[in-house]
Amino acid sequence: MQQGSGFLSQRQRRLAWLGFLLAAVQAPVAARLVDDSSWLFSLVVALMVATVIIADDGVRRTAQARSSD
C-alpha cells in the first residue's frame, strides 16, 4: 500500500475501516433483534465513517496527482 498524504494516518485508516465494517455488520443484526428503530444509529455511524474514508481517498489521490506532475 502506498504511503499517501491524506489527513488520516495508516493506523487511523485501518481503524476507520474496522469501525466501518463493525458498524455495517451490526446494523442488520440489530434490525432483526430489536423491535424499535435504534439500529439506524449504527447505519448512520457506518455512513459517516465511510464518508471520512472516501474524503481521505480524495485527498490522497489529489496529492498523488500533484506529485506525479
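Residues numbered from 1 in each chain as written. Predicted model: local features only at pLDDT ≥ 70, side-chain atom pairs only at ≥ 80, totals over all residues. Heavy atoms only, no water.

**Student:** Tell me about the overall build of the protein, residues and numbers included.
**Tutor:** In terms of regular secondary structure, the protein is built from 2 helices and 0 strands. Taken over C-alpha atoms, the radius of gyration comes to 16 Å for the protein, far larger than the 11 Å a tight globule of 69 residues would show. Expressed along its principal axes, the backbone C-alpha trace of the protein runs to roughly 55 × 15 × 15 Å. In the protein, buried positions account for 19% of the 69 residues. Considering only contacts in the protein between residues 6 or more positions apart, those separated by 24 or more positions represent 71%. Element-wise, carbon and sulfur atoms account for 64% of the exposed surface of the protein, whose accessible area totals about 5300 Å². Computed over 7 positive and 5 negative side-chain charges, the separation of the two mean positions in the protein equals 10 Å. (Helix = DSSP H or I, 4+ residues; strand = E, 2+ residues; numbered from the N terminus. Rg over C-alpha atoms; globule rule 2.2 N^0.38 Å. Buried < 20%, exposed > 50% of the residue type's maximum accessible area, 1.4 Å probe, protein only. Contact = heavy atoms within 4.5 Å. Areas by Shrake-Rupley, 256 points an atom, 1.4 Å probe, with all protein chains shown as cover. Lys, Arg positive; Asp, Glu negative; His and termini not counted. Charge placed at Lys NZ, Arg CZ, Asp CG, Glu CD.)

**Student:** Account for the pattern of salt bridges, with residues named and values stated.
**Tutor:** For the coordinates displayed, the defined rule picks out 3 salt bridges. Linking aspartate 56 and arginine 13 is a salt bridge whose minimum nitrogen-to-oxygen distance equals 2.7 Å. Of this pair, aspartate 56 sits in helix H2 (residues 40-68) while arginine 13 sits in helix H1 (residues 10-33), placing them 43 residues apart in sequence. Arginine 13 matches aspartate 56 in its accessibility class, with the two residues each being buried. With a shortest N-O distance of 2.4 Å, arginine 13 and aspartate 57 are connected by a salt bridge. With arginine 13 in helix H1 and aspartate 57 in helix H2, the pair connects residues that are 44 residues apart, well separated along the chain. For arginine 13, a relative accessible area of 10% gives the class buried. Here the residues in one salt-bridge network are Arg13, Asp56, Asp57 and Arg60, joined through shared partners. (Salt bridge = Lys/Arg side-chain N within 4 Å of Asp/Glu carboxyl O.)

**Student:** So what about H2? Which residues, and what values?
**Tutor:** Between the first and last C-alpha of H2 there are 42 Å, a value that for 29 residues agrees with the 42 Å anticipated at 1.5 Å per step. Taken as a whole, H2 has its buried residues at Ser42, Ala46, Ala50, Ile53, Asp56 and Arg60. In the core, the buried residues of H2 are packed alongside H1. (Expected span 1.5 Å × (residues − 1).)

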